[in-house]
Amino acid sequence: MSTISRLFTKTATVATPTATTSTDAEGVPTTTMASATVACHTQPYTAKADEQVLGQELAQRAIRAWFPEGTTITARSIVTIGDDDYEVHGDPKVWDVGSPEDHVAALLVRVER
């Protein structure tokens, strides 16, 4: 087992829009979502320099998350971890260098309810 996979102790549901659309009962177009349950690792988002990029309000609700290699996640995905929903901020980064440490990293911002 790789070092990074040992960190994947949480479970996330990643819902990503597909290219398929449908209509609801009233004929309004809706986006079809593909969902997958995957392991993940999260850490608080605490970098002061990055706070200037996101702004203080978003930075306070942000976390960094790592997912196993091959996880489908885009800037339009919604990620649920525990009772919290997160939007993906920016494009996730695929770390694929052909090692057991390959993974997908994303910056997530908790959706306020």
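Shown above is the structure to which this text applies.
Residues numbered from 1 in each chain as written. Predicted model: local features only at pLDDT ≥ 70, side-chain atom pairs only at ≥ 80, totals over all residues. Heavy atoms only, no water.

**Quick look at the nonpolar core**
Quick note on the threshold: In plain words, nonpolar cores are sets of buried Ala, Val, Leu, Ile, Met, Phe, Trp, Tyr and Cys residues tied together by side-chain atoms within 4.5 Å. Burial here depends on accessible area, computed with a 1.4 Å probe over protein chains only, as a share of the maximum for the residue type. Under 20% is buried, over 50% is exposed, and the range in between is partly exposed. Only runs of H or I of at least four residues qualify as helices and only runs of E of at least two qualify as strands under DSSP, and these elements are numbered from the N terminus.
Formed by 15 residues in total, the largest nonpolar core has its most connected members in Ala12, Phe67, Ile73, Val79, Ile81 and Leu108. Contributions of two or more residues to this core are made by strand E1 (10–23), strand E2 (29–44), strand E3 (62–68), strand E4 (78–81), strand E5 (84–88) and strand E7 (103–110). Counting residues in each nonpolar core, the second largest holds 5 residues, with Tyr45, Ala59, Ala62 and Leu107 among its members.

**Some words on the pairing of E3**
Our working rule: Only when DSSP finds a minimum of two bridges between them are two strands counted as paired.
The buried fraction of E3 amounts to 5 of the 7 residues, a majority that puts the element mostly inside the structure. Across 7 bridges, E3 lies against E7 in antiparallel orientation. Bridge assignment links Ala65 to a residue of E7, and that residue is Ala106.

**Structural notes on the pattern of salt bridges**
Defined as follows: One speaks of a salt bridge when a side-chain nitrogen belonging to Lys or Arg is within 4 Å of a carboxyl oxygen belonging to Asp or Glu.
Per the stated rule, a full pass over the model turns up 1 salt bridge. In this structure, Arg61 engages Glu112 in a salt bridge whose closest nitrogen and oxygen atoms are separated by 3.7 Å. Placement of the pair is Arg61 in the loop between helix H2 (56–59) and E3 and Glu112 in the segment after E7, with a sequence separation of 51 residues.

**As for the pairing of E5**
Inspection of the sheet shows E4 paired to E5 by 4 bridges, in the antiparallel sense. By the bridge assignment, Ile81 is partnered in E5 with Asp84. By the bridge criterion, 3 bridges tie E5 to E7 in an arrangement that is antiparallel. By the bridge assignment, Val88 is partnered in E7 with Leu108.

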